[in-house]
Amino acid sequence: LTTTTNLSYQDTIIICNTWINYRIEIADATGCTSVSNVDGDQFFDVNVPLSAIIDTVSVDAAGLAAVSWILSSSPDVTGYIIYQNIGGFWQAIDTVWSTSSTFYTNPLSNAMNADEQYAISAIDSCGNVSPQSNYHRTIHLQKVYNQCAKSVYLHWNYYTGWNVNAYEIYQSINAGAYTLMNTNAGNDTTFTQAGLTSGNNYCYLVVAKGTGKTSSSNRQCFTSSYPAQPAFSYMKSVSVVSENQVTINTWQDISVSAKEYRMERSDNGGSTYYTIGN
């Protein structure tokens, strides 16, 4: 195990359950070796491993939550338990049996439609489980499309797990590459884009930026569509039917969809108008 001039030595046991024997040897200046008696015992590993640390949680292009972590420094770790907060309760959803894996994608994730919370624990060869790590929460991006304003309003929740320095908003048009549109401060979780073109497919995602860390939100996509404006609207004639009744005839562009026609009247030579009917 070691060579020492001390009269004691502390050995760290990472074997789950086994009998271990020890002996001491000492050599003199002539090269002769004296060997001690043998002593041993049945040893059990009852120490929990050191906790793993979640590095980040993100939402991939398929809308699934992906968890990455920093390995536990305990030498006897054999796997990592993945926890998800479901309905306010932490539940173990899977175990990654590996000493080197640092990534997990939840196949049952609903991160496309809601934010999700994850934590992790290390487990050793004896089944000892470390304390649960601090939790991280995904970014859930939502949109409100305003047809009349030809704009989209984006909003999202704060990322939880580390301090966010900034949020970057990315856009893809008609399945093109995502390009950076705007950078928000870490406390600003809204963005509005106007001037959308009818018929274009728009996709958005938000990336939280920390110190050496990033986390991506779900994607929000939609096709911009709004009615075309009428090419013309003419008043053909105004006729007096009786002392208190006037008939108004108009010529409208019926190739586009109109919600209503509003008739307006002025009693001061056209300086101001008010609605008389729809």
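Residues numbered from 1 in each chain as written. Predicted model: local features only at pLDDT ≥ 70, side-chain atom pairs only at ≥ 80, totals over all residues. Heavy atoms only, no water.

## Considerations on the sheet that holds strand 9 (residues 103–105)
The cut-off we apply is this: Pairing between strands is defined by DSSP: at least two bridges between the two strands are required. For helices the rule is a DSSP run of H or I covering at least 4 residues; for strands it is a run of E covering at least 2, with both sets numbered from the N terminus onward. Under this scheme, a helix contributes an axis fitted over its contacting stretch, all axes are lines through C-alpha atoms, and angles between N-to-C directions fall in the 0 to 180 degree range.
Spatial strand order, 5-6-9: 3 strands in an open sheet with antiparallel pairing. The open sheet terminates on both sides in strands that have one partner only, identified here as strand 5 (53–59) and strand 9. In this sheet, adjacent strand axes meet at a mean angle of 20° when their direction is disregarded. When strand 5 meets strand 6 (residues 65–70), the two strands line up antiparallel, connected through 6 bridges. Bridge pairing links Ser 58 to Ala 66 in strand 6.

## Here's the deal with the state of the cysteines
The condition that has to hold: Note on disulfides: each one is a pair of cysteine sulfur atoms within 2.5 Å. We call a residue buried when its accessible area falls under 20% of the maximum for its residue type, exposed when it is over 50%, and partly exposed in between, using a 1.4 Å probe and counting protein chains only.
Using the criterion set out here, one finds 2 disulfides in the structure. Residue pairing for Cys 16: its cysteine sulfur links by disulfide to Cys 126, the two sulfurs lying 2.4 Å apart. Here Cys 16 is found in the segment before strand 1 (17–22), whereas its partner Cys 126 is found in the loop between strand 10 (117–124) and strand 11 (136–137), with 110 residues between them in sequence. When its relative accessible area of 29% is taken as the criterion, Cys 16 is described as partly exposed.

## Quick notes on the nonpolar core
Short version of the rule: We call a set of buried Ala, Val, Leu, Ile, Met, Phe, Trp, Tyr and Cys residues a nonpolar core when their side-chain atoms join them within 4.5 Å.
Formed by 33 residues in total, the largest nonpolar core has its most connected members in Trp 69, Leu 154, Trp 156, Tyr 159, Tyr 167 and Tyr 204. Put simply, the parts of the chain that give this core at least two residues each are strand 5, strand 6, strand 7 (77–86), strand 10, strand 13 (151–156), strand 14 (166–173) and strand 17 (201–209). Top contributing element to this core by residue count: strand 17, with 4 residues.

## Points about a nonpolar patch on the surface
Put simply, the rule reads: Patches here: salt-bridge-free residues with over 30% relative accessible area, like charges joined within 9 Å, nonpolar side chains (Val, Leu, Ile, Met, Phe, Trp, Tyr) joined within 5 Å. Computed with a 1.4 Å probe, the accessible areas rest on the Shrake-Rupley method; for each residue, only the protein chains presented here act as cover. Any Lys or Arg side-chain nitrogen located within 4 Å of an Asp or Glu carboxyl oxygen qualifies as a salt bridge.
Among the surface-exposed residues, Met 235, Val 238, Val 240, Val 246, Ile 248, Tyr 274 and Ile 276 lie close enough to one another that they form a single nonpolar patch of about 670 Å² accessible area. Tallying contributions element by element places strand 20 (residues 233–242) first for the nonpolar patch, with 3 residues. As for its placement among the helices and strands, Met 235 is situated in strand 20. Owing to a relative accessible area of 54%, Met 235 belongs among the exposed residues under this scheme.

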